[in-house]
Amino acid sequence: VLSKAADFDDRFRRLGLNLRVGFAVRVLNAAIQLALVALLLRVLGSERYGLFVTITSVAAWLQLGMLGAGKGLINAMVEARSNDDHDLARRSMWSLWSGLLLLVVVLGIGAALVLPAIHWSAVFPSQTVGEAELARTVGLAAAFALVALALSPLGFVLSAHQEDAKGAGLLLARNAATLLAAGLMLEVGSRSMSGLTLAIGVGTTVVGAGAVVWLIGVDKPRLRPRAGDVSVALVVRALRASGTFLAL
């Protein structure tokens, strides 16, 4: 009974921490976003800024497909943890993550075949940006969107452990990396959309990959992968549970 009461109190403590940190991070992120808009306008100019935001926003929509599967992962891990079955929680995470990585590879191959065949200056008419620059920007945006999709389960794992405060910190670090990349491009005097996309993509990927290494290497070593962790049955279970979330 005492153990359950302590767990109950710990959950409420984490909830309060998540709310406080979440509010603070929202304020900081709003400030970063305002500074980022100003920097991007100075780096790219109004037309290039509009094209850049359009291209990167459309590429980011790829991650919406992970929302349903992510909620399924949260459900599976929470259920396993509530039964003190940490092995099942770890296997659920790596099963879904492996399936997602396979999906990313398939999407990457498809993008590599389709994107070069599209006449991008017809899709995004511009007086100042040529076909080659548009194609490079679209290709880089799609590539880094797929990388972000591959790293996206990290946030859902933190949510399953009721540690959204850490997820908020990760989001803040990614936004800070984006701002730093834009500032670097302004410093070197570049007005290239593809160069800016590359700089931001590398910065945010380093942050995301570093966070994954921290998660399984330092914060939750019990989640380190083991032989036999990947199970098709667990992937199907998580995807079945996530169908409603994805539809919504």
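Structure report, in brief. Model, not experiment: these values are computed from the prediction. (Residues numbered from 1 in each chain as written. Predicted model: local features only at pLDDT ≥ 70, side-chain atom pairs only at ≥ 80, totals over all residues. Heavy atoms only, no water.)

A word on the overall build of the protein. Helices and strands together make up the secondary structure of the protein, namely 9 helices and 0 strands. Ordering the α and β elements of the protein from the N terminus gives α-α-α-α-α-α-α-α-α. Within the span of the protein, comprising 248 residues, buried residues form 38% of the whole. Considering only intrachain contacts with a sequence separation of at least 6, the fraction spanning at least 24 residues in the protein is 84%. Accessible area for the protein stands at about 13400 Å²; split by element, carbon and sulfur atoms hold 69% of it. (Helix = DSSP H or I, 4+ residues; strand = E, 2+ residues; numbered from the N terminus. Buried < 20%, exposed > 50% of the residue type's maximum accessible area, 1.4 Å probe, protein only. Contact = heavy atoms within 4.5 Å. Areas by Shrake-Rupley, 256 points an atom, 1.4 Å probe, with all protein chains shown as cover.)

Here we take up the packing of helix 7 (residues 164–188) against helix 8 (residues 193–219). Two elements in contact, helix 7 and helix 8, have axes whose closest approach is 8 Å; the angle formed by their N-to-C orientations is 150°. Overall, the two elements helix 7 and helix 8 adopt an arrangement that is roughly antiparallel. By crossing handedness, the relation of helix 7 to helix 8 is classed as right-handed. In this structure, helix 7 contributes Lys166, Leu170, Ala173, Arg174, Ala177, Thr178, Ala181, Ala182 and Met185 to the contact, and helix 8 contributes Gly195, Leu196, Ala199, Ile200, Gly203, Thr204, Val207, Gly208, Ala211, Trp214 and Asp219. Looking at the contact of helix 7 with helix 8 residue by residue, the classes come out as 12 nonpolar, 5 polar and 3 charged. (Axes fitted to C-alpha atoms, helices over the stretch in contact; angles between N-to-C directions. Parallel < 35°, antiparallel > 145°, perpendicular 65-115°, else oblique. Left-handed = near helix turned anticlockwise from the far one by under 90°. Nonpolar A, V, L, I, M, F, W, Y, C, P; charged D, E, K, R; others polar.)

Scanning the model with the defined rule gives 8 salt bridges in all. Across the salt bridge formed by arginine 90 and aspartate 87, the nearest N and O atoms sit 2.9 Å from each other. Here aspartate 87 and arginine 90 lie together in helix 3 (residues 86–114), a separation of 3 residues that amounts to about one turn. Residues lysine 166 and glutamate 163 are paired through a salt bridge, measuring 3.3 Å at the closest nitrogen-oxygen approach. Members of the salt-bridge network, linked through shared partners, are Asp87, Arg90, Arg226 and Asp229. (Salt bridge = Lys/Arg side-chain N within 4 Å of Asp/Glu carboxyl O.)

The next point concerns helix 7. The terminal C-alpha atoms of helix 7 lie 36 Å apart, and with 25 residues this matches the ideal 36 Å at 1.5 Å per residue to within 8%. Within the span of helix 7, buried status applies to Ala165, Ala168, Leu170, Asn175, Ala177, Thr178, Ala181, Ala182 and Met185. The positive-phi residue at the C-terminal boundary of helix 7 is glycine 189, with phi of around 75°. (Expected span 1.5 Å × (residues − 1).)

Here we take up the side chain of asparagine 175. Relative to the helices and strands, asparagine 175 is located in helix 7. According to the relative accessible area criterion, asparagine 175 is buried, its value standing at 14%. Discounting residues that sit within four places of it in the chain, asparagine 175 has contacts with Asn29, Ile32 and Gln33.

This brings us to the environment of isoleucine 118. Its location among the elements puts isoleucine 118 in the loop between helix 3 and helix 4 (120–123). For isoleucine 118, a relative accessible area of 30% gives the class partly exposed. Through-space distance from the C-alpha of isoleucine 118 to that of alanine 135 is 8.5 Å; in sequence the pair is 17 residues apart. The contacts of isoleucine 118, once residues within four sequence positions are left out, are Val123 and Glu131.

Turning our attention to the side chain of serine 95. Turning to its location among the elements, serine 95 is positioned in helix 3. Polar contacts involving the side chain of serine 95 include one to the main-chain carbonyl oxygen of arginine 91, which spans 2.7 Å. In this structure serine 95 touches Asp229, Val230, Ser231, Leu234 and Val235, once residues within four positions along its chain are discounted. (Polar contact = N/O pair within 3.5 Å; in protein donor to acceptor, adjacent residues only side chain to side chain.)

Between helix 6 (residues 153–160) and helix 7, the least distance of the axes is 7 Å, while the angle of their chain directions is 155°. In terms of axis orientation, helix 6 runs roughly antiparallel to helix 7. Contact with helix 6, carried on its side by Leu154, Leu158 and Ser159, involves Asp164, Lys166, Gly167 and Leu170 of helix 7 and no other residues of that element. Considered class by class, the residues forming the contact of helix 6 with helix 7 number 3 nonpolar, 2 polar and 2 charged.

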